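# Overview (structure and organization)
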Amino acid sequence: MSNNIVIAAIVAGAVGLGAGYALFSGQAPKTVEKETVTVSSAPAGAGTLDEVRARGKLNCIINTGLAGFAAPDDKGNWTGFDVDFCKAVAAAVLGDATKVNYTTATGKTRFTKLAAGEGEILSRNTTWTFSRDVDLAQTFIGVNYYDGQGFMVPKSLGVKSAKDLDGASVCIQTGTTTELNLAEFFAGNNMKYNPVPIETNAEAQELYKSGRCDVYTTDASGLYATLMSFDNKDDHMVLPEVVSKEPLGPVVRHGDDQWADIVSWVLRAMMAAEEKGITSANVKDLAAKDNKDKEINRLLGKDPLQGISKLGLSPDWAVNVISQVGNYAESFERNLYPLTIQRGLNALSKDGGLHYIPPIK
Amino acid sequence: MKEKTYQPGSYPDLPPPPGTVGIYGWIRNNLFSSISNSLLTIISVILLYYLIDGIIGWFLFDAVYDAESKIECRKIDSGACWAVITKRVGQFVYGFYPEAERWRIDISFLTMFIAFAPLLYPDIPKRKWLLWFSLIYPFFAYILIMGGYFGIQRIEYSLFGGFMLTVILGVSGIVCSLPIGILLALGRQSKLTVIRTISICFIEFMRGVPLITLLFVASSMLNYFMPPGTNFSILVRVIIMFTFFSAAYIAEVIRGGIQAIPKGQYEAADALGMSYWQKTRFITLPQALKISIPGIMNTFIGLYKDTTLVVVIGLLDPLGIGRAALADTKWNGLSTETYLFVALFFFVSCFAMSRYSLWLENKLNTDQK
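Bear in mind the structure is a predicted one, so any value in this text is a computation, not a measurement.

### Focus on the overall build of chain B
In terms of helices and strands, chain B carries 14 helices and 0 strands. Along its sequence from the N terminus, chain B presents helices and strands in the succession α-α-α-α-α-α-α-α-α-α-α-α-α-α. Relative to its length of 369 residues, chain B is extended, with a C-alpha radius of gyration of 28 Å against a globular reference of 21 Å. Overall size of chain B, expressed as C-alpha extent along the three principal axes, is 100 × 75 × 40 Å. The buried share of chain B, taken over its 369 residues, is 36%. Here the contacts in chain B between residues at least 6 apart in sequence split such that 63% fall between residues at least 24 apart.

Put into structure tokens, the structure is as follows:
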């Protein structure tokens, strides 16, 4: 009788080895295929565009879930501000915004995933800092969202400004830049605070809701997302002060300037489209006629844009981006207005924001 | 009416006095045996009523099962908003696996039970034939799930997620780690120095490192060791790490079992002139494995639950899918419902495993204790 257990174990062993073999053998052809691609496209790092075209899909690394920036809808389609940017690049490069493979990454794994080539773009609310840019050998191609650390308080506290927070207890995520920012802000204003250290954002929300801390601090976009999750959101407010700079933007690997140019000009094209009043609704009409503003003509491929062939893009790249994804404002409104996030710093420079677009000529 | 007479000693037992047996008697003895007991009973019943009333109300009667968003849920009723689950149940089960191809997962899952039946239940009819199916099942499931052969569409691993991912990781880890664990346990007891040293090093290293570290190694470090351009699926890397990790624990559990066997058993086997492998196959392992069943199952259940750790390297297991659902502005803030649902899934599968191990223990019980 108990011999059976040995037989079962032996068969399980064989099954295990078989499973291992199946997984590896299935892996092998893919590996070879990949290698031939990289060999043909030496020097290392270059040829990202060819690789994407050959594959027919763009690999994009996104957040595992952040309200407004990346989240799957009920049908399983990823949506969000960062996801829109992946789609825009796919539209420009492949002509089809749906041809994106999404790979999710956490804050800890995002850079290694990019470095290991699991994606061509890291579009995951990543703060542009010196060491990430230089030390990790990555290229930040621009800023698509200016974030900053803010404070949320219950209205019953009667505080109107972060400068009134002397002596408050603050829920703060340990081991993040927000912790340092908080200390610097309070020290700089000669105020004292009582830190309530927490591990995760979810924990912070519960502590804040239960009144364990007076103030909750994290990036402003995160505060708005948290606020949206409250049942009684009218009882809380986000204070006007922003105490740190968090310029978020898409990232690519060092070593392929052509690809970096493509990605950065897709971002600028979306912003330029907003500046020139080109939307997903009117882009086809504008592309069909001769506009007085020659910059619109150049952007939409009506007039020749010097150097576009060097990027390896077709003249209608921007038309694809704007018609399939929309301009910067459309993406912002679609994804971030539901969180009641205002344009603020993220308005174009002509509207008092920070986005200043180099001319398209 | 004339009273019956009985011979001395044959008078039938009288029924116990009313109020001391049956439900009434039980209640009287256990709940209302004294004034203080009666008070406690009444207070407890009142408290229980409020508690259960609130919980059941929240869970069932006041709950909303169909709505388009959390705001809509709250408008309809005050209880749980299960709509976040019902709207996304496909995502919770299959991750982002394309809807048109989900039958492949269903078939793989159902046939998994056929493949496991002969391994788990020795008395099953036609066991010999079914064992052949068990042998080809891994290839069959791999081809069906990943695709890319026989004209079946290839599915990228990045689309894997949800309960399906948990089952793939958990089952592969469990199935592969048991044989490796047995070999390691035998290796650690071996008289051959090289084998013993390797086994000890492996076991001690794997046990000495947190699983989460191994997962980070799988997700980040391995990329640096491989030749550039190798795309070694993260799923395989993670399964290997899970397997190694739990194999080390299994090895120690089984070693405990081996050492619990009385010395006389070995001596008897030696006296019969058995070779090492005969001894292992007929004397050591049958007894050692039987003793180790609770420990092995403990490790398996632990491994199964540890699969949720993959969320830190960006794989969307049920917890990850739940978090992603909460990041949707429509469902933001429904963490209680989401996490309860995931907890229920894990409870059901872990409870089933633990019941099976109990059944197996009873079945193999030879009453030697």
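What follows picks up the thread again.
### So, the packing of helix α13 (residues 318-327) of chain B against helix α14 (residues 335-364) of chain B
Residue and element names in this part refer to chain B. Running from N to C, α13 and α14 point in directions that differ by 165°, and their axes come no closer than 10 Å. By the criterion of interaxial angle, the relationship of α13 to α14 is roughly antiparallel. Crossing of α13 against α14: the hand is right-handed. The segment α13 lies against α14, with Pro 318, Leu 319, Gly 322, Ala 325 and Leu 326 engaging Ser 335, Thr 338, Tyr 339, Val 342 and Phe 345.

### With respect to the sheet that holds strand β8 (residues 149-154) of chain A
All names here are of chain A. Reading across the sheet, the 5 strands line up as β10-β9-β11-β8-β12 and stay open at both edges, with mixed pairing between neighbours. With one partner strand each, in any of the chains shown, β10 (193-198) and β12 (236-238) form the two edges of the open sheet. When strand polarity is set aside, the average angle formed by the axes of neighbouring strands in this sheet is 30°. By the bridge criterion, 6 bridges tie strand β9 (residues 168-173) to β10 in an arrangement that is parallel. When the bridges of β10 are listed, Ile 172 appears paired with Pro 197. With respect to the sheet, helix α6 (residues 177-188) is in contact with β8, β9, β10 and β11 (215-219), its orientation differing from that of β9 by roughly 155°.

### What about the domain arrangement of chain B?
With domains assigned, chain B is organised as domain 1 (1-61) and domain 2 (83-97 + 155-364). The centre of domain 1 of chain B, based on its C-alpha atoms, is set 48 Å off from the matching centre of domain 2 of chain B.

### A few points about the nonpolar core
Val 89, Val 266 and Val 321 of chain A are the most contacted members of the largest nonpolar core, which has 178 residues in total. Sort the elements by how many residues they give to this core and helix α10 (residues 234-259) of chain B lands first, with 17 residues. Sequence-distant contacts of Val 321 of chain A, defined by excluding residues within four places in its chain, comprise Ala 88, Ala 91, Ala 92, Val 266, Ala 269 and Met 270 of chain A.

### Observations concerning α14 of chain B
All names here are of chain B. The terminal C-alpha atoms of α14 lie 43 Å apart, and with 30 residues this matches the ideal 44 Å at 1.5 Å per residue to within 8%. Where α14 is concerned, the buried positions are Glu 337, Thr 338, Val 342 and Leu 360. Taken together, the buried residues of α14 touch α4 (83-94), α12 (276-306) and α13.

### Thoughts on the environment of Lys 289 of chain A
Residue and element names in this part refer to chain A. Tracing the sequence through the fold places Lys 289 in the loop between α10 (283-288) and α11 (294-299). Judged by the 10 C-beta atoms lying within 10 Å of it, Lys 289 falls in the exposed class. Spatially, the C-alpha atom of Lys 289 lies 52 Å from that of Tyr 216, the residues being 73 residues apart in sequence.

### A look at the domain arrangement of chain A
When the domains of chain A are assigned, the result is domain 1 (48-146 + 247-351) and domain 2 (149-244). The interface is formed by 5 residues belonging to domain 1 of chain A together with 4 residues belonging to domain 2 of chain A.

### Some remarks on the packing of helix α9 (residues 257-275) of chain A against helix α14 (residues 328-335) of chain A
Residues and elements named next belong to chain A. Between α9 and α14, the least distance of the axes is 6 Å, while the angle of their chain directions is 95°. With respect to α14, the axis of α9 lies roughly perpendicular. Across the interface between the two elements, Met 270, Met 271 and Glu 274 from α9 touch Tyr 328, Ala 329 and Ser 331 from α14. Class assignment for the residues of the contact of α9 with α14 results in 4 nonpolar, 1 polar and 1 charged.

### Quick notes on the confidence of the model for chain A
Taken as a whole, chain A shows an average pLDDT of 83; of its residues, 86% reach a score of 70 or greater. Least confident of the elements in chain A is helix α1 (residues 3-40) of chain A, whose mean pLDDT is 43; most confident is helix α3 (residues 81-94) of chain A, at 95.

### Remarks on the pairing of strand β5 (residues 121-127) of chain A
Residue and element names in this part refer to chain A. Burial within β5 is extensive, with 6 of its 7 residues counted as buried. Where strand β1 (residues 58-63) lies against β5, 2 bridges are found, and the strand directions are parallel. In the sheet register, Ile 61 faces β5, and the bridge partner there is Leu 122. Taken together, the 3 bridges between β5 and strand β13 (residues 246-253) define a ladder with antiparallel strand orientation. Counted as the bridge partner of Leu 122 is Val 251 from β13.

Here is what the cut-offs are and how they apply
Residues numbered from 1 in each chain as written. Chains lettered and ligands numbered in written order. Predicted model: local features only at pLDDT ≥ 70, side-chain atom pairs only at ≥ 80, totals over all residues. Helix = DSSP H or I, 4+ residues; strand = E, 2+ residues; numbered from the N terminus. Rg over C-alpha atoms; globule rule 2.2 N^0.38 Å. Buried ≥ 20, exposed ≤ 12 C-beta atoms within 10 Å, placed from the backbone. Contact = placed C-beta atoms within 7 Å. Axes fitted to C-alpha atoms, helices over the stretch in contact; angles between N-to-C directions. Parallel < 35°, antiparallel > 145°, perpendicular 65-115°, else oblique. Left-handed = near helix turned anticlockwise from the far one by under 90°. Pairing = 2+ DSSP bridges. Domains from an automatic or database assignment. Core = buried A, V, L, I, M, F, W, Y, C linked by C-beta atoms within 7 Å. Expected span 1.5 Å × (residues − 1). Nonpolar A, V, L, I, M, F, W, Y, C, P; charged D, E, K, R; others polar. pLDDT = per-residue confidence, 0-100.

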